[in-house]
Amino acid sequence: MRSAMYNPRARMLRSIADVDAVAPAERAASPDAAAPRPPLKWAGGKRWQIPHLERYWRPHAHRRLVEPFCGGLAVALGLKPAAALLNDVNPHLINFYQRLKRGLVLSERMVNAKSPYYSAREEFNRLLAEGRGDTKRGAELFYYLNRTGYNGLCRFNRRGEFNVPFGRYKTINYFTTKDFRPYVEIFRHWRFTNTDFDDVPLDPDDFVYADPPYDVEFTHYSTGGFSWDDQVRTARWLAKHPGPVVLSNQATPKIRTLYDSLGYTLHVLHAPRRISCTGDRTPAAEVLATRNLPA
Ligand SMILES: C[S@@+](CC[C@H](N)C(=O)[O-])C[C@H]1O[C@@H](n2cnc3c(N)ncnc32)[C@H](O)[C@@H]1O
């Protein structure tokens, strides 16, 4: 997963500053133009899938891209649709994107050290307890905790408190990413919603890219998890969509059987590497299940 593949050196070379380095017209015209980096570290990021997705997306690039599970935005930022509807059940993530859309500049100096991290975590939890997680301050703290905490995890205890430990990175490239205003232009025609996936209103013409949490292992994106029933609900919901669909998942036998039984066309890919909670880095097979697209 992307979060644990975090490489501070690589990120320093291609930060949000790259957004400024590429003229908007060039970005829109060429799928190869440097895509802006996702602003957060997010488990399960699919930046590596972009070259595979381009061939499905390009002939449909006039359509709206809908991502019911947008997560870290690696796919939307990689495909650069003119219009998009991006949804995630995680309210902190969506609050952060909505703040970026309005032009967020972080005022405070962010420090990669244990004590400020735990103070920020306490402040974030106080905001949550007061029902003020969806404020600008909530978004600032969420960004800092995401970049400074362990593996970019977003995990809460039973009382609903954010409980991710300090990440112990040698360096973190916050400073060039403090000014998020380049995202204002990128997000101009993108809409962000925070709901369960099957409340996402689909138009018949939408191009849907759906990347639900994996069938197995890591399901702590948000309180509640993602059950097998949710996998079935996702696959059945999208089987009814008349427009193009790409559904991504880990290629477990159960998932393959489910998608196959609903008439999806299956393409198996190998993720560059898989990072599990146990530190296992063996490559994992992933499936792209498509509908209403060429085989
Ligand atoms: C594998 S991640 C998506 C990663 C994303 N494609 C990327 O490249 O960064 C799955 C996302 O689904 C979200 N999610 C989990 N349950 C959901 C639900 N019931 N409805 C909508 N989103 C959900 C999680 O919060 C998580 O961000």
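Quick caveat: nothing in here was measured; it's all calculated off a predicted structure.

Chemist: Any chance you could break down the environment of Pro 116 for me, citing the residues and the numbers?
Modeler: With respect to the helices and strands, the residue Pro 116 is situated in helix H7 (residues 114-129). Accessibility expressed as a C-beta count within 10 Å gives 16 for Pro 116, which makes it partly exposed. In this structure, the C-alpha to C-alpha distance between Pro 116 and Thr 148, residues 32 residues apart in sequence, is 10.0 Å.

Chemist: With reference to specific residues and values, describe the packing of helix H6 (residues 91-102) against helix H8 (residues 136-148).
Modeler: A pair of packed helices is characterised by two quantities: the angle between their axes and the separation of those axes. Running from N to C, H6 and H8 cross one another at 110 degrees; their axes reach a closest spacing of 9 Å. Between H6 and H8, the angle is such that the two are roughly perpendicular. Counting all contacts with H6, which are made through His 92, Asn 95, Phe 96 and Arg 99, the residues of H8 involved are Lys 136, Gly 138, Ala 139, Phe 142 and Tyr 143.

Chemist: So what's going on with helix H11 (residues 253-261)? Residues and values would help.
Modeler: Residues Ile 255, Leu 258 and Tyr 259 constitute the buried set of H11. Down the axis of H11, the smallest arc covering the buried residues is 90 degrees, so these residues share one side. Summarising the geometry of H11, the exposed residues directed more than 90 degrees from the buried face are Pro 253, Thr 257 and Ser 261. Buried-residue contacts for H11 involve helix H10 (228-239), strand S5 (245-250), strand S6 (265-270) and strand S7 (285-291).

Chemist: I'd like a rundown of the nonpolar core, residues and numbers included.
Modeler: Counting 59 residues, the largest nonpolar core has Ala 76, Leu 86, Leu 247 and Tyr 259 as the members making the most contacts within it. Looking at this core element by element, the count peaks at 6 residues for H8. Apart from residues lying up to four places away in sequence, Tyr 259 is in contact with Ala 235, Leu 247, Tyr 264, Leu 266, Val 287 and Ala 289.

Chemist: So what's going on with the sheet that holds strand S3 (residues 190-193)? Residues and values would help.
Modeler: Pairing in this open sheet of 7 strands is mixed, and the strands run S3-S2-S1-S4-S5-S7-S6 from one edge to the other. Each having just a single partner strand, S3 and S6 make up the two edges of the open sheet. Taking each pair of neighbouring strands and ignoring which way they run, the sheet shows an average axis angle of 20 degrees. H11 contacts S5, S6 and S7 of the sheet and is inclined by roughly 10 degrees relative to S7.

Rules and cut-offs
Residues numbered from 1 in each chain as written. Predicted model: local features only at pLDDT ≥ 70, side-chain atom pairs only at ≥ 80, totals over all residues. Helix = DSSP H or I, 4+ residues; strand = E, 2+ residues; numbered from the N terminus. Buried ≥ 20, exposed ≤ 12 C-beta atoms within 10 Å, placed from the backbone. Axes fitted to C-alpha atoms, helices over the stretch in contact; angles between N-to-C directions. Parallel < 35°, antiparallel > 145°, perpendicular 65-115°, else oblique. Contact = placed C-beta atoms within 7 Å. Arc of directions from axis to C-beta. Core = buried A, V, L, I, M, F, W, Y, C linked by C-beta atoms within 7 Å. Pairing = 2+ DSSP bridges.

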